[in-house]
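Below, each chain spelled out in residue letters.
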Amino acid sequence: MSEFITTANTSRRTFLRSTLLATGGLLSGQAFAASAAAGAANTGAAAGSMEFVRLNNGVEMPILGYGTLRIPREKCADCVAQAIRTGWRLIDTAKNYSNEVQVGEGIRRSGIDRKELFVTTKLWIKDYGYEQAKAGFEASCRRLGLDYIDLYLLHQPFGDVHGAWRALEELHAEGRIRAIGVSNFFPDRLTDLILTSKVVPAVNQIEFSPHFQRWSDKRENEEAGTLVESWGPLLSGMYPEVFDEPVLKEIAAAHGKTVAQVILRWLTQNGVITVVKTERPERMVENLGSMSFRLTAEEIQRIASLDRRHTMYKDHRSAKDVRWFHNEATRPE
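### As for the environment of Met238
Reasoning step 1: Mapped onto the fold, Met238 is located in the loop between strand E10 (227–231) and helix H9 (246–255).
Reasoning step 2: The spacing of Met238 and Tyr313 is 75 residues in sequence and 9.3 Å in space, taken between C-alpha atoms.

### Structural notes on the pairing of E10
Reasoning step 1: Along E10, five of the five residues are buried, which leaves the element largely enclosed by surrounding structure.
Reasoning step 2: Where strand E9 (residues 203–207) meets E10, five bridges bridge the pair, whose relative direction is parallel. Within E10, the residue paired with Ile206 across the bridge is Ser230.
Reasoning step 3: Between the parallel elements E9 and E10, the chain passes through helix H8 (residues 215–224) in a crossover that is right-handed.
Reasoning step 4: One ladder, built from two bridges, connects E10 with strand E11 (residues 273–277); its direction is parallel. By the bridge assignment for E11, Ser230 is matched with Thr274.

### Notes on the nonpolar core
Reasoning step 1: If you look at the biggest cluster of nonpolar residues, it comprises 83 residues, and the most contacted ones within it are Leu55, Met61, Tyr66, Leu154 and Leu168.
Reasoning step 2: The dominant element in this core, judged by the number of residues it contributes, is helix H10 (residues 259–269), at seven residues.

### Here's the deal with the packing of aromatic side chains
Reasoning step 1: This structure, assessed with the given rule, holds eight aromatic pairs.
Reasoning step 2: An angle of 75° between the planes, with centres 6.1 Å apart, marks the rings of Phe208 and Trp266 as edge-to-face. Of the two residues, Phe208 is situated in the loop between E9 and H8 and Trp266 in helix H10; the sequence distance between them amounts to 58 residues.
Reasoning step 3: On the basis of relative accessible area, Trp266 is assigned to the buried category, the value being 1%.
Reasoning step 4: Site record: aromatic cluster; members linked through ring pairs are Phe158, Trp324 and Phe325.
Reasoning step 5: The ring centre of Phe186 lies 4.9 Å from the NZ or CZ of Arg214, which sits over that ring.
Reasoning step 6: The ring of Trp324 carries the charged tip of Lys314 above its face, separated from the ring centre by 4.5 Å.

### Some points on the environment of Lys198
Reasoning step 1: Structurally, Lys198 is set in the loop between helix H7 (187–195) and E9.
Reasoning step 2: For the pair formed by Lys198 and Trp165, sequence separation is 33 residues and the distance between their alpha carbons is 9.5 Å.

### As for the sheet that holds E11
Reasoning step 1: Read once around its circumference, the closed barrel built from eight strands follows the order E4-E5-E6-E7-E8-E9-E10-E11, with strand pairing classed as parallel. Neighbour-to-neighbour, the strand axes of the sheet open up by a mean angle of 30°, direction not taken into account.
Reasoning step 2: The sheet strands contacting helix H6 (residues 161–173) are strand E6 (118–123), strand E7 (149–154) and strand E8 (177–183), and the helix crosses E8 at an angle near 160°.

### Quick look at unusual backbone geometry
Reasoning step 1: Phi is positive for Ser98, close to 60°, though the residue is something other than glycine.
Reasoning step 2: Judged by relative accessible area, Ser98 falls into the buried class, the value being 13%.
Reasoning step 3: Non-glycine residue Asn184 carries a positive phi angle of around 70°.
Reasoning step 4: Note on placement: Asn184 falls in the loop between E8 and H7.
Reasoning step 5: Taking the relative accessible area as the measure of exposure, Asn184 reaches 6% and is therefore buried.

Analysis parameters
- Residues numbered from 1 in each chain as written.
- Predicted model: local features only at pLDDT ≥ 70, side-chain atom pairs only at ≥ 80, totals over all residues.
- Heavy atoms only, no water.
- Helix = DSSP H or I, 4+ residues; strand = E, 2+ residues; numbered from the N terminus.
- Buried < 20%, exposed > 50% of the residue type's maximum accessible area, 1.4 Å probe, protein only.
- Pairing = 2+ DSSP bridges.
- Right-handed = clockwise from strand over helix to strand, strands pointing away.
- Core = buried A, V, L, I, M, F, W, Y, C linked by side-chain atoms within 4.5 Å.
- Phe/Tyr/Trp six-rings, centres within 6.5 Å; stacked < 30°, edge-to-face > 60°.
- Lys NZ or Arg CZ within 6 Å of the ring centre and 35° of its normal.
- Axes fitted to C-alpha atoms, helices over the stretch in contact; angles between N-to-C directions.
- Contact = heavy atoms within 4.5 Å.

So, in structure tokens, the structure goes:
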């Protein structure tokens, strides 16, 4: 059974400026980590206690993670190393992000014991099918330089999903993967997979943001034993107007936080695992600071009014977009 485990008037620009001043600019390595932590404390942005979820097989996973989509390869290793030194322990990548090599290098540079980290990667649809999935998994492990993966996801609900899933089930049984899951599956696709498989997916990573709220999907997933994880919580920078939403700005001002922190806390406080990407060290600190406060029930209800009830990216139920995933979405390795 999956469960949620709790451990224990500032604008975004003002926060970032004050954190940079406190940390002395962009630093690297342990000096950055120590200074960034001090900067967070000095600006009232203490990270707070990380919270964890327990997956349906008993594995514990941090509820807030560092995403790596679209981080340029030349920056990726440094970004991942800095994120880990800053306190991030859930690191999310994918074969189709074309940066697994750099993510693995960042993990090694961080100096943090591998056992303290929770690493997620994903199988791309070009590698679906039983034999192809096993080969794809081994290739990801080689690129990352890891001998096991904490969470391995089917990235899209297209192609030979069932053949690929059988391979993941076997790798999980062999101990090569601690937990297996899916991404971008609507409840009907998830249900079909569960009814034809041995292992219930532990996680379903889906688009989930203030402009596309997936509470109904979350309930259906959880009833089946699958926890929901948000990608694009800040709309991946593609819709910056979210940071100017009056409701979010008012809530942020009431807590002395930034809009980004409010969005992340809105998700994690409601039991949604969340991954968020940034290349900027001061924002690594800021985003972790979202764990240091709680929203009221009234504030959560106000955020519900921002739902536009449709995807802000690609529609996984559109024939046109399904063709795009098959024919155009694959990135070069």
